[in-house]
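# Descriptive analysis of the structure
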Amino acid sequence: MRKLLNIILIYASFIQMRGQIMWQFNKDTVITWQYEWGDEFNESNIDPKQWSYGVGGGLSIYTNKEQQYYTDGKNHVLENGSYKIIAKRESVEARTIDWLGDNDSLKQGRKFLHLNKKRFDFTSEKLESRRLFAGGFFEIRFKAPKDRGMWPAFWLYGGDPNEEIDIFELKGEKPDQVHIDTHCPNRCDYFRRNLKKVNWGGWAKVSEGLHDGFNVMAVEWQPNYIKFYLNGRCIAYVPVSFKVERTLQVNLALPSDNGPFKPGPEPGFTQSTPFEVDYVRVWNMAEQNEGRPSGNY
């Protein structure tokens, strides 16, 4: 049994067994969570019944000016119970969105960006859950890559317009910072510990070395709020209501020097250190939480 202690959150979980229970102790309440879904990455292959590659048919999120092409499972290794995504410098001529034609135009608003088929200079990988979620407690145990320009992320995606919960986004050159965010159609805000109101998320400085060892990042998605936790410590709170079901995403992107989350990789970059994931776990609210909101968990 592992215990994570904080003035906001205390939880304990029994691992390596189905039917797990996790207790969350708040100031005057106790929430019991039951294990619902996840992956310990102990098998020799990614389970195609649980995961697909890419996101909604897209093999690069072109509106972010990302440089990588997401391959069909060619950029990872599974070893010692971990899933390791490795980004590489290699040229690929391919469609950005696989169900569009080669010469279809990709735009951001009215601005033309490029044709659907193009050359990518890097490859990487993204997993998308085949299951949809409408709330719960989502956690990942991970070790971040060290290289400049690496952009790993763990997030929930509900499609356009802006239905997204970014549990974390990281950058290789920021070993002590984590970016957290919520996207919704009419904008939504989150509050840091100092209660400063910030739109579209922001960076939180942390004491953990995100490259040096494993850390656990989690989100508690309730009907009327979302809380973000790092190693059991609440680092952000969002009073927001999300109604759209969404998939769970794990990926390693490579930004451009003129796009979001810049800079991109070093000119001499050839292959990244891994974005290593020990496990992904999803918990739902147990039936014995009588009188507490249950949502569609």
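As a starting point, this report considers the structure included with it. (Residues numbered from 1 in each chain as written. Predicted model: local features only at pLDDT ≥ 70, side-chain atom pairs only at ≥ 80, totals over all residues. Heavy atoms only, no water.)

### Structural notes on the sheet that holds strand β6 (residues 68-70)
Stated formally: Strand pairing is assigned whenever DSSP detects at least two bridges linking the two strands. The way it works is that DSSP assigns letters per residue, a run of H or I at least four long becomes a helix, a run of E at least two long becomes a strand, and they are numbered from the N terminus. In this analysis an axis means a line fitted to C-alpha atoms, helices contributing only their contacting stretch, and an angle means the value between N-to-C directions, from 0 to 180 degrees.
The strand order across the open sheet built from three strands is β6-β12-β9, with neighbouring strands paired in mixed fashion. On the outer flanks of this sheet lie β6 and β9 (88-95), each paired with one strand and no other. Neighbour to neighbour, the strand axes of the sheet diverge by 60 degrees on average, direction disregarded. Across six bridges, β9 lies against strand β12 (residues 117-124) in antiparallel orientation. Across the sheet, the residue bridging to R95 is K117, located in β12.

### Examining the nonpolar core
Worth spelling out the cut-off: Within this scheme, the nonpolar core is defined by two criteria: the residues are buried Ala, Val, Leu, Ile, Met, Phe, Trp, Tyr or Cys, and they are joined through side-chain atoms within 4.5 Å. Burial classification: accessible surface area is computed with a 1.4 Å probe over protein chains only, and a residue below 20% of its type maximum counts as buried, one above 50% as exposed, and the rest as partly exposed. Any pair of residues with heavy atoms lying within 4.5 Å of one another is described as a contacting pair.
Judged by nonpolar contacts, the single largest core of 48 residues is most densely connected at M217, F228, L248 and V280. It is strand β25 (residues 275-285) that provides the largest number of residues to this core, a total of four residues. When residues no more than four places from it in sequence are discounted, the contact partners of V280 are W37, G38, D39, F41, W51, E139, I140, F154, L248 and V250. If you look at the next biggest cluster of nonpolar residues, it comprises 10 residues, including I31, F137, W283 and M285.

### Considering the packing of aromatic side chains
Put simply, the rule is: Paired rings are identified among Phe, Tyr and Trp, the last through its six-membered ring, by centres lying within 6.5 Å, and are further divided according to the angle between planes into stacked (under 30 degrees), edge-to-face (over 60) and tilted (the rest). Should the NZ of a Lys or the CZ of an Arg lie within 6 Å of a ring centre and within 35 degrees of the ring normal, that charge is described as sitting over the ring.
Under the counting rule described, the total for this entry stands at 18 aromatic pairs. Residues Y69 and F120 carry aromatic rings whose centres are separated by 5.4 Å and whose planes lie at 50 degrees to one another, so their mutual orientation is tilted. Of the two residues, Y69 is situated in strand β6 and F120 in strand β12; the sequence distance between them amounts to 51 residues. An identical accessibility class is assigned to Y69 and F120; each is buried. Taken together through their ring pairs, the aromatic side chains of W37, F41, W51, Y83, F133, F138 and W221 make up a single cluster. A cation over a ring is seen here: K118 above F120, with NZ or CZ 4.9 Å from the ring centre. The side chain of R246 reaches across the aromatic face of F242, ending 4.6 Å from its centre.

### Some points on the side chain of D278
In this structure, D278 sits in strand β25. What D278 contacts, discounting residues up to four positions off in sequence, is E40, F41, G81, S82, R141 and F214.

### So, the pattern of salt bridges
Where charged atoms from two side chains of opposite charge approach closely, those side chains can pair. Quick reminder of the rule: A side-chain nitrogen of Lys or Arg and a carboxyl oxygen of Asp or Glu constitute a salt bridge if their distance falls within 4 Å.
Evaluation of the coordinates by the stated rule reveals 12 salt bridges. Put simply, D102 and R95 hold a salt bridge, and the shortest N to O gap is 2.7 Å. Overall, D102 belongs to the partly exposed group, its relative accessible area being 29%. Judged by relative accessible area, R95 falls into the partly exposed class, the value being 32%. Linking D121 and R119 is a salt bridge whose minimum nitrogen-to-oxygen distance equals 2.9 Å. Overall, D121 belongs to the partly exposed group, its relative accessible area being 30%.

### Some thoughts on unusual backbone geometry
Cis geometry is found at the peptide bond from K262 to P263, where omega equals 10 degrees. In this model, N80 sits at a positive phi of 55 degrees, which is unusual for a non-glycine residue. Among the secondary structure elements, N80 is positioned in the loop between β7 (76-79) and β8 (82-85).

### Examining the sheet that holds strand β15 (residues 151-157)
Pairing between the strands of a sheet comes from backbone hydrogen bonds, and it takes one of two forms, parallel or antiparallel. Judged by pairing direction, the sheet is antiparallel, and its seven strands sit side by side in the order β5-β13-β24-β15-β16-β17-β20 without closing on themselves. Both edges of this open sheet fall to β5 (51-53) and β20 (202-205), since each of them pairs with a single strand only. Each strand axis lies, on average, 20 degrees off the axis of its neighbour in the sheet, ignoring direction. Bridge count for strand β17 (residues 177-183) against β20 is four bridges, and the pairing is antiparallel. Considered in β20, the bridge of I180 is made with G202.

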